[in-house]
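Tertiary structure, described
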Protein chains: 2
Amino acid sequence: MESFIEVPPDCDFPLENLPWGVFKARTGAIGDSPEVHVGVALGQHVISATTLHVAGYLRDLPEADTRVFAKGRLNELMAAGRPAWRAARATLQRLLSSSEGELRDQPELLARVVHKQEDVEMLLPARIGDYTDFYASRQHATNVGAMFRGLANALNPNWLHLPVGYHGRASSIIPAGASVRRPWGQVMPANASAPVFSPSSQVDFELEVAAFVGPGNALGEPITVAGAWDHVFGLVLMNDWSARDIQKWEYVPLGPFNGKNWATQISPWVVTLEALEPFRCSPPPQIDPEVLPYLREALPYTYDVELTVDITPAGYDRATTVTRSNLKHLYWTFSQMIAHHTAGGCNLRPGDLLGSGTISGEEPGSRGCLLELTHAGRDEVVLESGTAGVAGGDGGGGGVASETPGVRRRYLEDGDEVALRGWCGGEDQRRRIGFGLCNGKLLKCRT
Amino acid sequence: MESFIEVPPDCDFPLENLPWGVFKARTGAIGDSPEVHVGVALGQHVISATTLHVAGYLRDLPEADTRVFAKGRLNELMAAGRPAWRAARATLQRLLSSSEGELRDQPELLARVVHKQEDVEMLLPARIGDYTDFYASRQHATNVGAMFRGLANALNPNWLHLPVGYHGRASSIIPAGASVRRPWGQVMPANASAPVFSPSSQVDFELEVAAFVGPGNALGEPITVAGAWDHVFGLVLMNDWSARDIQKWEYVPLGPFNGKNWATQISPWVVTLEALEPFRCSPPPQIDPEVLPYLREALPYTYDVELTVDITPAGYDRATTVTRSNLKHLYWTFSQMIAHHTAGGCNLRPGDLLGSGTISGEEPGSRGCLLELTHAGRDEVVLESGTAGVAGGDGGGGGVASETPGVRRRYLEDGDEVALRGWCGGEDQRRRIGFGLCNGKLLKCRT
Ligand SMILES: [Ca+2]
Ligand SMILES: [Ca+2]
Ligand SMILES: [Mg+2]
Ligand SMILES: [Mg+2]
Ligand code: NI
């Protein structure tokens, strides 16, 4: 499948991907029409579905309002459901394919529809009504639990029976590229008798994948696990920035609050399940214990998405990959999270976001946050430093407990940049389906 | 202060109150203009600010967009801030006062502006972006903690140092009058070795007051405690419907989830701080321990709002008041909740909702939920029954452990109706400022 628009080798966004996003021009406006556009990524370009719609395309999607691309957000497309998503994808793949002249041969329209990614600013893909974060990685829950309660009691009694989750803060979800500020908060210093209010000294990332909800359900009408994947519009990468010292002091008994509500960062391109289809795979078996029938699927599946986290330490130009993990490690699937979330009647709305929780694998190098990688700050992660003061740098090498001379971290320091990446394929003749970048820099605290 | 519109004695909504709400006609439309109106309550009527605005009134509020009453929600007015709120209130009080003929003497306009409450349906006052629930009553936290951990360890170590809160579910917030359905969920029966999926058998109410956020703050810019009350547009009653058996099994370690996300019910009229001003009072002292400076106010205040909960048992016509409490019992004030919530940079947006947590007082009869009133189902609440099968009934009498022959409850049964009320004044020549009704009936579970 080839497009007349160039797609560099190993690019995240071939014609097979076409992830959805929301963007506006960095300067001026995109063509004539509204300020904020909806569209897809292709190679190093964005394709404006909004402009195509104004030009008369993408008008008759099943179940979709005709103004679905006109509102500067994806909520209306998400609400329309899979038949509309498939139809829009098919139309775009046809219009953009190298064998099709309809769009290619209208240079004036083409110039208004196709823009360089570097010329646009990516916004949040949807108005996120509610954001839920789960805790679906058995390895993560075990590693964290063992640190607090010992290995024998690492998993809480409920953990293998239900996908534990909590309601997160929607207002502070921000797109990739934005910087975040180290938060102040109330913490209890070791051996102190009273808490203090200070900047967090334990700022961490969390490697997660998050699902944008499609049609959703009415209050009181649960979604069954068998139909639950049809309520996933697509997936993004998520860095659930966390302040461990604030979280530790506050979280009993009602869960994380200020430790996590100061920033949650997502990658701006929503990769559809249609694009991920060739990379379906089985999740870990759930046999000891078996799960209750409302969580049991005849043929459970997830997706084989490789995930990495790179850190570029403050003042240096080289990134080090500190984590290599995979979505398929999750014990609970998004379909189970949705079935559980709605089992009591809770309604999910189009554009709601469901985070997976930190995704850790079995290997030490696959742990999805510094809390796990450094055993709550007892160990250090060693980062390659590159050349101080020079911008650029492109990842690779290094890792935990490496002997390479470098910069050491227990938690993040001011100026550190964290970059999450995710992709399927890229070898064995399978086109790479990538998620783009979820990157953010930690700024020093407010003074 | 008198209006030319009749206000019955002891009515919740005299001219001194003028709470804000959002409504539409039960049948047909309200006058000519949009389907959903914004306005205030007065006596047994609603006053459409939307229609007044169309007619040229309420046009020049400080800091407010001119279309603030045209969007069928209060978010834009909430965003405008206290000077706009005061100006709108002053204009409405003048237009509605018996000494002023400007509105009264335009019968055609009057007929479009003033509608009977029975002819309108009340909607949610705002689009609620995020909903947070706190746990601010010391008595409630102590009573609940003592049941789980014994009286000596009732309060967790953090409780007296910060207003504990968690993020709740915004999508399932519903207005008073709606019925709710007993949820299904995963619960662990006593002495069982594995959980089961069943209808909750421990459905409870929680008596709360909630604040609608006004202007709010940008991400990364905390609101100081001294200025925090200016970010409260007004207060409503809230029943945080809770399924205790689901909550108990799920809540460790990330907090309540399906136990509470199936319905949260609020009264539809938002009572402003201007209306509550005569009822300011001091909160409980915070001296042992003193709170950290970011939570310390020179002259802390709260409001003296009486609160009751009535239950009308299924199949009967008489309500019994099971709880008499007061907003002033809360250990933490809404100003402290806001300062803490934003201390790490979390942004509050206009229309966000902040629940107080269950409001219990010192007396056994002031406990704000059945969990406390019945000691987790060990005791029973006795309800007067009245005459079976007859509609109507008006509260009064009865209560916990009464000897009156009646109906007994440990938790709520299908068909029970719960009604929260709140008011200030009403005696000593002080006009009653009321909150209206927060009522809902529990329906049987989905089958
Ligand atoms: Ca997380
Ligand atoms: Ca509550
Ligand atoms: Mg977060
Ligand atoms: Mg609730
Ligand atoms: Ni180009």
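Residues numbered from 1 in each chain as written. Chains lettered and ligands numbered in written order. Predicted model: local features only at pLDDT ≥ 70, side-chain atom pairs only at ≥ 80, totals over all residues. Heavy atoms only, no water.

The name an unreviewed UniProt entry assigns to chain A is Fumarylacetoacetase, from the organism Volvox reticuliferus. Its UniProt record, at the heading Sequence similarities (unreviewed entry), says of chain A: "Belongs to the FAH family." As stated in UniProt under Pathway (unreviewed entry), the record for chain A gives "Amino-acid degradation; L-phenylalanine degradation; acetoacetate and fumarate from L-phenylalanine: step 6/6." (UniProt positions renumbered as here; feature names shortened; annotations may be inferred.)

Focus: the pairing of strand β14 (residues 232–239) of chain A
All names here are of chain A. Taken across its 8 residues, β14 has 8 buried, putting it largely inside the fold. Pairing between strand β13 (residues 207–213) and β14: 7 bridges, direction antiparallel. Counterpart to Leu207 in the pairing with β14 is Asn239. As paired elements, β14 and strand β17 (residues 271–272) share 2 bridges and run antiparallel to each other. What sits directly across from Leu235, in β17, is Val271. In this sheet, strand β16 (residues 264–266) lies alongside β14 in antiparallel orientation, the contact comprising 2 bridges. Its bridge partner lying in β16, Met238 is registered against Ile266. (Buried < 20%, exposed > 50% of the residue type's maximum accessible area, 1.4 Å probe, protein only. Helix = DSSP H or I, 4+ residues; strand = E, 2+ residues; numbered from the N terminus. Pairing = 2+ DSSP bridges.)

Digging into the packing of aromatic side chains
Under the definition given, this model contains 30 aromatic pairs over all chains. Three or more aromatic residues link up through ring pairs in this structure, and these residues are A:Trp229, A:Tyr301, A:Tyr303 and A:Phe334. For B:Arg280, the ring lying beneath its charged end belongs to B:Tyr301, and the centroid distance is 3.6 Å. (Phe/Tyr/Trp six-rings, centres within 6.5 Å; stacked < 30°, edge-to-face > 60°. Lys NZ or Arg CZ within 6 Å of the ring centre and 35° of its normal.)

Comments concerning the relation of the copies chain A and chain B
Rotating chain A by 180° about the axis while translating it 0.0 Å along that axis superimposes it on chain B, leaving an RMSD of 0.0 Å. Each copy turns onto its partner about a two-fold axis. Identified as the residue of chain A closest to the rotation axis by C-alpha distance is A:Gly255, at 2.2 Å. By residue overlap, the copies meet face to face through one surface: 100% of the interface positions of chain A are interface positions in chain B. (Least-squares fit on C-alpha atoms with pLDDT ≥ 70 in both. Contact = heavy atoms within 4.5 Å.)

Notes on the coordination of the magnesium ion (ligand 3)
Residue and element names in this part refer to chain A. Around the magnesium ion (ligand 3), the donor atoms from the protein are Asp240 (OD), Lys260 (O) and Thr264 (OG1), and they sit 2.1 to 2.7 Å away. In primary sequence terms, the donor set of the magnesium ion (ligand 3) follows D-x19-K-x3-T. Linking Asp240 in the loop between β14 and β15 (242–243) with Thr264 in strand β16, this pair joins segments that are 24 residues apart in sequence. Accessibility classification places Asp240 together with Thr264 in one group, the buried group. (Donors = N, O, S within 2.8 Å, 3.2 Å for Na, K, Ca; no water.)

Observations concerning the coordination of the magnesium ion (ligand 4)
Distances from the magnesium ion (ligand 4) to its protein donors, B:Asp240 (OD), B:Lys260 (O) and B:Thr264 (OG1), fall at 2.1 to 2.7 Å. Along the chain, the residues donating to the magnesium ion (ligand 4) fall in the pattern D-x19-K-x3-T.

A few points about the domain arrangement of chain A
Residue and element names in this part refer to chain A. When its domains are assigned, chain A resolves into domain 1 (20–123) and domain 2 (131–443). Inter-centroid distance (C-alpha atoms) of domain 1 to domain 2 is 30 Å. Roughly 1500 Å² is buried in total at the junction of domain 1 and domain 2, and carbon and sulfur atoms are behind 65% of that figure. Looking only at domain 1, the three residues that lose the most surface to domain 2 are Trp20, Met78 and Arg82, adding up to 42% of its buried area. Where domain 1 packs against domain 2, one counts 3 salt bridges. (Domains from an automatic or database assignment. Buried area = accessible area lost by both parts, 1.4 Å probe. Salt bridge = Lys/Arg side-chain N within 4 Å of Asp/Glu carboxyl O.)

A few points about the UniProt feature "binding site: substrate" (unreviewed entry) in chain A
The positions UniProt marks with the feature "binding site: substrate" (unreviewed entry) are A:Tyr135, A:Arg149, A:Gln247, A:Tyr251 and A:Thr358. Along the polypeptide, A:Tyr135 turns up in the loop between β6 (131–134) and α5 (138–149). The contact partners of A:Tyr135, leaving out residues within four places of it in the chain, are A:His140, A:Ala141, A:Val144, A:Trp159, A:Val164, A:Ser356, A:Gly357, B:Pro253 and B:Leu254. In this structure, A:Arg149 sits in helix α5. Residue classification places A:Arg149 among the partly exposed residues on the basis of a relative accessible area of 31%. With residues up to four places along the chain from it excluded, the contact list for A:Arg149 reads A:Ala154 and A:Asn156. Within the structure, the side chain of A:Arg149 is placed 3.2 Å from the backbone oxygen of A:Asn153, a separation counted as a polar contact. (Polar contact = N/O pair within 3.5 Å; in protein donor to acceptor, adjacent residues only side chain to side chain.)

With respect to helix α8 (residues 334–342) of chain B
Residues and elements named next belong to chain B. Burial within α8 is extensive, with 9 of its 9 residues counted as buried. Of all the positions in α8, only Phe334, Ser335, Gln336, Met337, Ile338, Ala339, His340, His341 and Thr342 are classed as buried. Tucked into the core, α8 has its buried residues touching β6 (131–134), β7 (165–167), β13 (207–213), β14 (232–239) and β22 (353–355).

Considering the UniProt feature "binding site: Ca(2+)" (unreviewed entry) in chain A
All names here are of chain A. Residues given the UniProt feature "binding site: Ca(2+)" (unreviewed entry) here are Asp133, Glu206, Glu208 and Asp240. Over a stretch of 108 residues, the named residues converge on one spot in the fold, their C-alpha atoms separated by at most 11.3 Å. Along the chain, the position of Asp133 falls in strand β6. Setting aside anything within four residues of it in sequence, one finds Asp133 in contact with Gly165, Tyr166, Glu206, Glu208, Met238, Asp240, Gly355, Ser356 and Gly357. Position of Glu206 relative to the elements: it lies in the loop between β12 (203–204) and β13. Not counting residues up to four positions away in its chain, the partners in contact with Glu206 are Asp133, His140, Met238, Asn239, Asp240, Ser242, Arg244, Lys260, Thr358, Gly368, Cys369 and Leu420. In terms of polar contacts, Glu206 uses its side chain to reach the side chain of Lys260, at 2.8 Å.

A look at the environment of A:Val187
All names here are of chain A. Within the fold, Val187 resides in strand β10 (residues 184–187). The class of Val187 is buried, set by a relative accessible area of 7%. Beyond its immediate stretch of four places on either side in the chain, Val187 contacts Pro195, Val196, Ser198, Asp245, Ile246 and Trp249.

Quick look at the sheet that holds strand β27 (residues 433–443) of chain B
Residues and elements named next belong to chain B. Strand order in the open sheet made by the 5 strands is β9-β27-β26-β20-β21, with mixed pairing throughout. Edge positions in the open sheet fall to β9 (180–181) and β21 (320–326), since each of these has one partner strand only. Summarising the sheet, strand β20 (residues 306–312) and β21 pair through 6 bridges and their orientation is antiparallel. Paired with Glu306 across the two strands is Asn326, which belongs to β21.

Concerning the confidence of the model for chain A
With 95% of its residues at a pLDDT of 70 or more, chain A shows a mean pLDDT of 94. For this predicted complex, the interface score ipTM comes out at 0.95, alongside a pTM of 0.95. (pLDDT = per-residue confidence, 0-100.)

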